[in-house]
Amino acid sequence: MPDVVIIGNGPAGIAAAIYALRSGLDTMVIGKDKGSLERAGLIENYYGFPQPVEGKALINNGIEQAVKLGAKIIEDEVVGLGYMGKLLVKTKSGEIESDALVLATGSSRKRPELTGLKELEGTGVSYCATCDAFFYKQKNVAVLGNGEYAVSEAKELAHVAASVTILTNGMEMEAAVPEHISVNKKEIERLEGSEKLEGVKFKDDTLVCVAGAFVAMGVAGSSELARMMGVQVNGNDIVVSEKMETNVPGVFAAGDCTGGWLQVSKAVYEGAKAGFEAVKYVRKKKGIMNAK
């Protein structure tokens, strides 16, 4: 079992890993891809590079540095978080326990552009099955998405809802779906309802009546994962202290997911700080009092 799990292998996550590793913690980094920096062109404003550097090269150098220090880099998709005596990270391929956790998966993706979605948030539209499933006991609900994240949310809802339907909005499913969960691939026209969600209307003019619609498009970002553990979120930004601590003991956050200036230098600073504070937390928890 690793001492610390870091979700995200961008600048914030890798900086956290480097500080944790150099302090002797068993450190695991989980990432599905290398984020927006990998797709960036030439970067000319980062310290220590007199010549422009490609975003891809910068991030690969960081990962190589972490690996040389002993990091376990896992390419996987995180679909949920929990607590079972230890912090629990649920991935596409299994579950991992740790003493500390750093959320560093970047800024949240945009909401799908669907009429009625924003207006019905909190009155039928939700972004966290773990948080809100209870409110839909024995009711029909839908999950918007087509990947592992959507399937994971649908499974969570299936324990309490009368029925669960995954709505792919015209896309093909990219993950296996259990038999007790339905899939509807029609393109969505809008979400129906005035004071609360009443259903989802498709472009072929058909309607599916649901009391809840859970948005789980693409891959779960930091704010979506944070909500699963009761971590305080302001809009799409995770709320942290100056030590990069969240309101949940042992859970830290760093980088774009905390809001503010979306720059590599800011992400690296926050990642380093989160890694350093995670070290102190783990040492204290294990009774090692000489943490510096």
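This write-up is about the structure you can find in this document. A quick note: this is a predicted structure, and the numbers were derived from the prediction, not measured. (Residues numbered from 1 in each chain as written. Predicted model: local features only at pLDDT ≥ 70, side-chain atom pairs only at ≥ 80, totals over all residues. Heavy atoms only, no water.)

1. Comments concerning the state of the cysteines
Two cysteines, two sulfur atoms, one covalent bond between them: this is a disulfide.
Here is step 1: A complete count under the given rule lists zero disulfides for this structure.
Here is step 2: Between Cys257, a cysteine without a disulfide, and Cys128, which holds the nearest cysteine sulfur, the sulfur-to-sulfur distance is 16 Å.
Here is step 3: On the basis of relative accessible area, Cys257 is assigned to the buried category, the value being 2%. (Disulfide = S-S within 2.5 Å. Buried < 20%, exposed > 50% of the residue type's maximum accessible area, 1.4 Å probe, protein only.)

2. A few points about the pairing of strand E9 (residues 100-103)
Here is step 1: Of the two faces of E9, the one holding Ala100 and Val102 and the one holding Leu101 and Leu103 are both buried throughout.
Here is step 2: In this sheet, strand E20 (residues 251-253) lies alongside E9 in parallel orientation, the contact comprising three bridges. Along E20, the bridge assignment pairs Leu103 with Ala253. (Helix = DSSP H or I, 4+ residues; strand = E, 2+ residues; numbered from the N terminus. Pairing = 2+ DSSP bridges.)

3. Structural notes on the sheet that holds strand E15 (residues 199-202)
Here is step 1: As summarised here, the arrangement of the three strands in space is E14-E15-E16, forming an open sheet in which the pairing is antiparallel. Both outer strands of the open sheet, strand E14 (188-192) and strand E16 (207-208), are each paired with one neighbouring strand and no more.

4. As for unusual backbone geometry
Generally, phi is negative for residues other than glycine and the peptide bonds are trans, each holding for most cases.
Here is step 1: Unlike most non-glycine residues, Gln138 shows phi in positive territory, near 60°.
Here is step 2: Structurally, Gln138 is set in the loop between helix H4 (129-132) and strand E11 (140-144).
Here is step 3: Overall, Gln138 belongs to the exposed group, its relative accessible area being 58%.
Here is step 4: Notably, Asn169 is not glycine yet its phi reads approximately 55°, a positive angle.
Here is step 5: With respect to the secondary-structure elements, Asn169 resides in the loop between strand E12 (163-167) and strand E13 (182-184).

5. Quick word on the sheet that holds strand E6 (residues 78-83)
Here is step 1: The three strands are arranged E6-E7-E8 in an open sheet whose pairing can be described as antiparallel. A single partner strand is all that each edge strand has here, and the edge strands are E6 and strand E8 (94-98). The sheet shows a mean angle of 20° between the axes of neighbouring strands, taken without regard to direction.
Here is step 2: Where strand E7 (residues 87-91) and E8 come together, five bridges link them in antiparallel fashion. Looking across to E8, one finds that Leu88 is bridged to Glu97. (Axes fitted to C-alpha atoms, helices over the stretch in contact; angles between N-to-C directions.)

6. What to know about the pattern of salt bridges
Here is step 1: In the structure shown here, the tally under the stated rule is 15 salt bridges.
Here is step 2: As a salt-bridge pair, Asp204 and Lys186 come within 3.1 Å of each other at their nearest N and O atoms. Of this pair, Asp204 sits in the loop between E15 and E16 while Lys186 sits in the loop between E13 and E14; the two residues are 18 residues apart in sequence, bridging distant segments of the chain.
Here is step 3: Relative accessible area serves as the criterion here: at 33%, Lys186 is assigned to the partly exposed category.
Here is step 4: Where Lys201 meets Asp205, a salt bridge forms, and the shortest distance between an N and an O atom there is 3.0 Å.
Here is step 5: A single network of salt bridges, built from pairs that share partners, joins Lys86, Asp99 and Lys285. (Salt bridge = Lys/Arg side-chain N within 4 Å of Asp/Glu carboxyl O.)

7. Some points on the packing of helix H1 (residues 11-22) against helix H7 (residues 264-285)
Here is step 1: One can describe the packing of H1 onto H7 by two numbers: an axis separation of 7 Å at closest approach and a directional angle of 35°. In this structure, H1 crosses over H7, and the sense of that crossing is right-handed. Residues Pro11, Ala12, Ala15, Ala16, Tyr19 and Ala20 of H1 lie in contact with H7, whose contacting residues are Val264, Ala267, Val268, Gly271, Ala272, Gly275, Phe276 and Val279.
Here is step 2: A breakdown of the residues in the contact of H1 with H7 according to their chemical character gives 12 nonpolar, two polar and no charged. (Left-handed = near helix turned anticlockwise from the far one by under 90°. Contact = heavy atoms within 4.5 Å. Nonpolar A, V, L, I, M, F, W, Y, C, P; charged D, E, K, R; others polar.)

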